[in-house]
Amino acid sequence: MAHTPQDFDWDDLKHLLAVARHGSTLAAGRALGLDQSTVQRRLTELERRFGQALVQRQPSGYRLTEFGQALLPHAERIEDAVAVFKQHVATAAAEVAGIIRVTCPEPIVYRITQSTLLERFRERHPALDVHFVMSDKYIDLSKGEADVALRSGDTDDGELVGRKIGDSLWAVYASSTYIERHGRPQGIEDLANHALVGFDDTMARHRIAAWLRKIAPEAALVARSNSVLGLVYSVKAGVGVAPLPIALGDAEPDLVRVTEPVAELTRVWRMLTTPELRRTPRVAAFFDFIVGEIDTLRPIITG
């Protein structure tokens, strides 16, 4: 029993078109890069699906039946549409254009924009724009909230792929004003005797919050913030002392590093994205550029 026309394989139309144009299954096979038997088999299958003959064999070769002739212009329009579709796909795949949303903490955005990194990226890819999604919290890439993350610390998302950029180093800082008024902390064990600045409850899972609870469990924070930049401002204002990334702390002339980098707070800086986005031309272009510029980006991020 013949199937309804909706069941046929669209790919078989190219065999019908080749036979119509070349007059034989042998010549059609050569044009398609297939053997004659394959062309014959696919053509027979198409006829079975339609329930009618499409070609007639004659001593001089094949010619289309009346039914085949009626289908020919429709098959040609489908062929043209497929060619246009393939060209569109190829062009879209090859074109490196659009917007790349990069998530990272606000201070890192400032340091990147103050460098020539983005300028060189635009010179190489003028049709690509970098937009920043600034947050100290982890933005969910799998939900489409950003395309690429510049992220330090632990991540439990095993689905992300990326590249290490460098190490995130933290030390404790105080302002010159604070030291004049309250003295300089004499190491980590002395921090419990000083005014401490830390994260609020929205950042309770951050390693800095956990570390402060460990080394000074009885201390009450004199100021709280939901961002690293907020910690920097509080310490600069002389409100108290706090752990800060050395990339930020060392860049502030009014701040004094009162401890060595704390090993417990060291984490890896990575550039991350999803496997699917990594294969897109725009994200691949950004990744490849950053990989070539890691030596430039590393001091911007790690200090």
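Preceding this paragraph is the structure being described.
None of the values given here were measured: they were computed from a predicted structure.

What counts, and where the lines are drawn
- Sequence order as written defines the numbering, with residues in each chain counted from 1.
- Whole-chain, interface and lining totals are the exception, using all residues; otherwise, since this is a predicted model, local features are given only for residues with pLDDT of at least 70 and side-chain atom pairs are given and counted only at 80 or more.
- Note that the side-chain values use all heavy atoms of the structure and ignore hydrogens as well as water.
- A helix here means a DSSP run of H or I that spans at least four residues, while a strand means a run of E at least two residues long, and both kinds are numbered starting from the N terminus.
- Only protein chains enter the accessibility calculation, which uses a 1.4 Å probe; a residue is then buried when its area is under 20% of its type maximum, exposed when over 50%, and partly exposed in between.
- Contacts: residue pairs with any heavy atoms within 4.5 Å of one another.
- For the accessible areas, the method is Shrake-Rupley and the probe is 1.4 Å, while residue cover comes only from the protein chains on display.
- Asp and Glu are treated as the negative residues and Lys and Arg as the positive ones, with His and the ends of the chain left uncounted.
- Here the site of a charge means atom NZ of a Lys, CZ of an Arg, CG of an Asp or CD of a Glu.
- Every axis in this analysis is a line fitted to C-alpha atoms, fitted for helices over the stretch in contact. Angles between the N-to-C directions lie between 0 and 180 degrees.
- By the definition adopted for this analysis, an angle is roughly parallel if under 35 degrees, roughly antiparallel if over 145, roughly perpendicular if from 65 to 115, and oblique otherwise.
- By convention, the crossing between two helices is left-handed when the near helix turns anticlockwise from the far helix through less than a right angle, and right-handed when the turn is clockwise.
- Ten residue types, Ala, Val, Leu, Ile, Met, Phe, Trp, Tyr, Cys and Pro, are classed as nonpolar, four, Asp, Glu, Lys and Arg, as charged, and the remainder, Gly among them, as polar.
- Strand pairing follows a simple DSSP-based rule, namely that at least 2 bridges must link the two strands.
- Any pair of nitrogen or oxygen atoms within 3.5 Å is treated as a polar contact; in protein, a donor-acceptor pairing is required on top of that, and neighbouring residues in sequence qualify only through side-chain atoms on both sides.

### A short note on the overall build of the chain
Along its length, the chain carries 13 helices and twelve strands. Split into buried and exposed, the 303 residues of the chain put 44% on the buried side. Taking all contacts inside the chain whose residues are at least 6 apart in sequence as the whole, residues at least 24 apart take part in 73%. Of the roughly 16400 Å² of accessible surface on the chain, 51% is carried by carbon and sulfur atoms. Here the chain carries 36 positive and 40 negative side-chain charges, and the mean point of each set is 4 Å from the other.

### Observations regarding the environment of Gln-58
Here Gln-58 is to be found in strand β1 (residues 55-58). A relative accessible area of 31% places Gln-58 in the partly exposed class. In sequence terms Gln-58 and Ala-247 are 189 residues apart; their C-alpha atoms lie 83 Å from each other.

### Concerning the packing of helix α6 (residues 117-124) against helix α12 (residues 281-292)
Remark: α6 packs on α12, axes separated minimally by 11 Å, with the N-to-C direction vectors making an angle of 130 degrees. Classified by the angle their axes make, α6 and α12 are oblique. The two elements α6 and α12 cross, and the hand of that crossing is right-handed. Between α6, through Leu-117, Arg-120, Phe-121 and Arg-124, and α12, the contact on the second element is made entirely by Ala-285, Phe-286, Phe-289 and Ile-290. Tallied by class, residues from the contact of α6 with α12 come to six nonpolar, no polar and two charged.

### Concerning the sheet that holds strand β11 (residues 255-257)
Overall, antiparallel pairing links the three strands, which are arranged β10-β7-β11 in an open sheet. A strand with exactly one partner marks an edge of an open sheet, and here the two such strands are β10 (242-245) and β11. When strand polarity is set aside, the average angle formed by the axes of neighbouring strands in this sheet is 50 degrees. Bridge count between strand β7 (residues 170-175) and β11: three bridges; the pairing is antiparallel. Pairing of Ser-175 across the sheet is with Leu-255, part of β11. Contacts from helix α9 (residues 228-236) reach β7, β10 and β11, with the element oriented near 125 degrees to β10.

### Remarks on the environment of Asp-35
Tracing the backbone through its elements, the reader meets Asp-35 in the loop between α2 (25-32) and α3 (36-50). Sequence separation of Asp-35 and Thr-25 is ten residues, and the distance between their C-alpha atoms is 8.7 Å. Here the side chain of Asp-35 touches Ser-37 through a polar contact of 2.5 Å, side chain to side chain.

### A few points about the environment of Arg-279
Within the secondary structure layout, Arg-279 lies in the loop between α11 (275-278) and α12. A polar contact of 3.5 Å, which involves the side chain of Arg-279, links it to the backbone oxygen of Pro-275.

### Re the sheet that holds strand β6 (residues 161-168)
Ordered in space as β4-β3-β5-β12-β6, the five strands form an open sheet in which the pairing is mixed. Across the chains shown, the open sheet's two edge strands, defined by having one partner strand only, are β4 (128-134) and β6. Strand-to-strand twist across the sheet, computed as the mean angle between neighbouring axes with direction ignored, equals 20 degrees. By the bridge criterion, two bridges tie strand β3 (residues 98-104) to strand β5 (residues 148-152) in an arrangement that is parallel. Residue pairing across strands places Thr-103 opposite Ala-149, the latter belonging to β5.

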